[in-house]
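Architecture at a glance
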Amino acid sequence: MVRSPRIVLAGSVSFSRVTLETLIRLGATICGTLGLDPAAARQVSDYARLDDVAAAAGIPYVGFTKINAPEIVAQLRAWSPDALFVVGLSQLVQDEILSIPHVGAIGFHPTPLPRGRGRAPVAWLTWDGDSGAATFFVLERQADSGAIFVQEPFAVRRDAYAGEVIEAVRAAIIRGIERWGPRLLAGEWNPIPQDEQRATFWGKRAPEDGLIDWSRPASEIARLVRTASRPYPGAYTFARDHRVRIWRASTVDLPFRGVVGRVLNAWPDGSLLVQTGDGLLRVEELEIVDGELSGHAWVGQKLGYDQDEEIFRLRERVRLLEKRLEQAPI
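Residues numbered from 1 in each chain as written. Predicted model: local features only at pLDDT ≥ 70, side-chain atom pairs only at ≥ 80, totals over all residues. Heavy atoms only, no water.

**Quick look at the overall build of the chain**
Short version of the rule: Strands here mean DSSP runs of E at least two residues long; helices mean DSSP runs of H or I at least four residues long; both are numbered from the N terminus. The buried label applies to any residue whose accessible area, calculated with a 1.4 Å probe on protein chains only, is under 20% of its type's maximum; exposed applies above 50%, and partly exposed to all values in between. Note on contacts: a residue pair is in contact if any heavy atoms of the two residues lie within 4.5 Å. Residue burial considers only the protein chains on display, and all accessible areas are found by Shrake-Rupley using a 1.4 Å probe. The charge count treats Lys and Arg as positive and Asp and Glu as negative. His and the chain ends do not count. The location of each charge is read from NZ of Lys, CZ of Arg, CG of Asp or CD of Glu.
Summing up its helical and strand segments, the chain has nine helices and 14 strands in all. Each of the three principal axes of the chain carries a C-alpha extent, and together these read 80 × 60 × 40 Å. The buried share of the chain, reckoned over its 330 residues, is 45%. For the chain, long-range pairs separated by at least 24 residues make up 68% of all intrachain contacts whose partners lie at least 6 apart in sequence. Of the roughly 16,900 Å² of accessible surface on the chain, 49% is carried by carbon and sulfur atoms. For the chain, the distance from the average site of its 39 positive side-chain charges to the average site of its 41 negative ones is 1 Å.

**Here we look at helix H3 (residues 70-79)**
Threshold: The directions from the helix axis to the C-beta atoms are what the arc is built from.
What H3 keeps buried is the set Ile72, Val73, Leu76 and Trp79. One face of H3 carries all of its buried residues, which in axial projection span an arc of 125 degrees. Among the exposed residues of H3, those oriented more than 90 degrees off its buried face are Pro70, Glu71 and Ala78. Serine 80 sits one or two residues past H3 and shows a positive phi near 50 degrees.

**Section: the pairing of strand S7 (residues 132-138)**
Going by this rule: Here, strands pair whenever DSSP counts at least two bridges between them.
Taking burial as the measure, the seven residues of S7 include seven buried ones, the bulk of the element. By the bridge criterion, six bridges tie S7 to strand S8 (residues 148-154) in an arrangement that is antiparallel. Within S8, the position partnered with phenylalanine 136 by the bridge is valine 150.

**Some thoughts on the nonpolar core**
Counted only if it meets this: What is meant by a nonpolar core is a set of buried Ala, Val, Leu, Ile, Met, Phe, Trp, Tyr and Cys residues, joined one to another through side-chain atoms within 4.5 Å.
In this structure, Phe15, Phe85, Phe136 and Ile173 are the most contacted members of the largest nonpolar core, which totals 39 residues. With nine residues, helix H6 (residues 162-185) is the single largest residue contributor to this core. Discounting chain neighbours no more than four positions away, the residues touching isoleucine 173 are Phe15, Val18, Thr19, Phe108, Ala134 and Phe136. The next biggest cluster of nonpolar side chains, apart from the first, holds 25 residues, and it includes Phe64, Ile67, Val93 and Ile100.

**Things to note about empty space enclosed by the protein**
How we decide: A 1.4 Å probe that fits into a set of points on a 1 Å grid over the protein atoms alone but cannot get out defines a cavity; an open set with protein on both sides within 12 Å along at least five of seven lines defines a pocket, and lining residues are those with an atom within 4 Å of a point. Grid points are joined across faces, edges and corners, and a volume is the space filled by probe spheres set on the points. Here the nonpolar group is Ala, Val, Leu, Ile, Met, Phe, Trp, Tyr, Cys and Pro; Asp, Glu, Lys and Arg are the charged ones; every other residue, Gly included, is treated as polar.
Under the criterion given, the structure shown has one cavity of 30 Å³ or more. The space that makes up the largest cavity amounts to roughly 30 Å³. As for the largest cavity, its lining consists of Thr237, Val244, Ile246, Leu272, Val283, Leu286, Trp298 and Leu303. Where the lining of the largest cavity is concerned, the elements lending two or more residues are strand S11 (242-252) and strand S14 (280-288). Class assignment for the residues of the lining of the largest cavity results in seven nonpolar, one polar and no charged.

**As for the layout of surface pockets**
Each pocket or cavity is described by its volume, and for the second largest pocket that value is around 480 Å³. Around the second largest pocket sit 19 residues that line it, and Lys302, Gly304, Tyr305, Asp306 and Glu310 are the ones nearest its centre. Mapped onto the lining of the second largest pocket, the elements with two or more residues apiece are strand S10 (235-239) and helix H9 (307-327). The biggest single contributor to the lining of the second largest pocket is H9, with four residues. Residue classes in the lining of the second largest pocket are distributed as seven nonpolar, four polar and eight charged.

**A word on H6**
The following threshold applies: Helix span, expected: 1.5 Å multiplied by one less than the number of residues in the helix. Bend is the name given here to the angle between axes fitted to two runs of seven residues, the run ending at a residue and the run starting at it.
For H6, with 24 residues, the first-to-last C-alpha span of 33 Å sits near the 34 Å given by 1.5 Å per residue. If you look at H6, its biggest bend is around 40 degrees, right at arginine 179, and the proline proline 182 turns up within four residues after that. Every buried residue of H6 is listed here: Ala162, Val165, Ile166, Val169, Ala172, Ile173, Gly176, Ile177, Trp180, Gly181, Leu184 and Leu185. One or two steps after H6, the chain reaches glycine 187, where phi turns positive at roughly 105 degrees.

**A closer look at the environment of glycine 176**
Structurally, the position occupied by glycine 176 is in helix H6. Among the residues examined, glycine 176 registers a relative accessible area of 1% and is labelled buried. Spatially, the C-alpha atoms of glycine 176 and aspartate 95 are 27 Å apart, while their sequence positions differ by 81 residues. With residues near it in sequence (within four places) discarded, glycine 176 still touches Val150, Glu152 and Gly181.

**Concerning the packing of helix H1 (residues 14-25) against H6**
The criterion, for reference: Only the contacting stretch of a helix is used when fitting its axis, a line to C-alpha atoms as for every element, and angles between N-to-C directions run 0 to 180 degrees. These descriptions rest on fixed angle ranges, namely under 35 degrees for roughly parallel, over 145 for roughly antiparallel, 65 to 115 for roughly perpendicular, and the rest for oblique. Less than a right angle of anticlockwise turn of the near helix away from the far helix marks a crossing as left-handed, whereas a clockwise turn marks it as right-handed.
One way to put it is that H1 packs onto H6 with a least axis distance of 10 Å and a crossing angle of 25 degrees. It follows that H1 is roughly parallel to H6 by the angle criterion. Judged by the twist between their axes, the crossing of H1 over H6 is right-handed. Within the contact between the two elements, H1 uses Ser14, Phe15, Val18, Thr19, Thr22, Leu23 and Arg25 and H6 uses Ile166, Val169, Arg170, Ile173, Ile174, Ile177 and Glu178. The class makeup of the residues in the contact of H1 with H6 is eight nonpolar, three polar and three charged.

**Focus on the pattern of salt bridges**
To keep things clear, this is the line we draw: A pairing counts as a salt bridge when a side-chain nitrogen of Lys or Arg comes within 4 Å of a carboxyl oxygen of Asp or Glu.
Considering all chains together, one arrives at 17 salt bridges under this definition. Of the charged contacts in the structure, one is a salt bridge between glutamate 21 and arginine 17, with a shortest N-O distance of 3.4 Å. Here glutamate 21 pairs with arginine 17, and both are found in helix H1, just four residues apart, close to one helical turn. Taking relative accessible area as the criterion, glutamate 21 reaches 34% and is therefore assigned partly exposed.

Structure below.
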């Protein structure tokens, strides 16, 4: 590894931005930045622009839609970096790009690798209420498997929301780069291989995984709300044919009892009391996606759909339509 290596950073989220800012503050020689174009960021939670950071530091910036596009490959070759940081990018980087940096590529993952390889790490950390680690490692074809440069641990509270976990990751990134970055900039490249026997893997989470099953315990639903909360799409249910996103909720112990999924009470602050399969949930913040209901209009509403009831109603509508078609003049 050369002293003061030429670095390119590619990314799309707040982890990418804080990594770039910290490297700049440490005096890294950054010869280029690649940022996901805002037009391609609609489905990217915690999206963050990098162009303003690069411009303020006088660093060349190029936006992209697909990281492996020929024009991006050509730009990387022109920049000729020693090291390529790929931070907070869901697109898989192909071998052609991995072969460009003279020394190697560096990836990032917010878990104590080899534990927690794979998808949706912040969501799974939030769900588990378990500790994480800002980990920089050698980027290879096999996801999250490369040798480790630095791991900076951080705690995750049992009642933390996803946004709070993201803040903890950002702070750990800063601490980790401040601890390891000077060695990298001095030319050190000495990562430690992972122990494959300790590897665990986490699967994808999608927006539809935020659907609330009111028959589940209140504690589990509250955990789902925290996991899917901002900047993610949110846990959700339905009321009067409206989609309702629930952003904050907690379990409560009150002298109420009701049918599972039914709203039992509404408080002046707009929060609602809902019966679950085991215990009561206080819904503290919600959003009706395509309509509105006042506080007292919620009381008595049953959230979600009863499948048998909905199937019966649909069959009734089909029968009515068929009857009308039979009676319609030819």
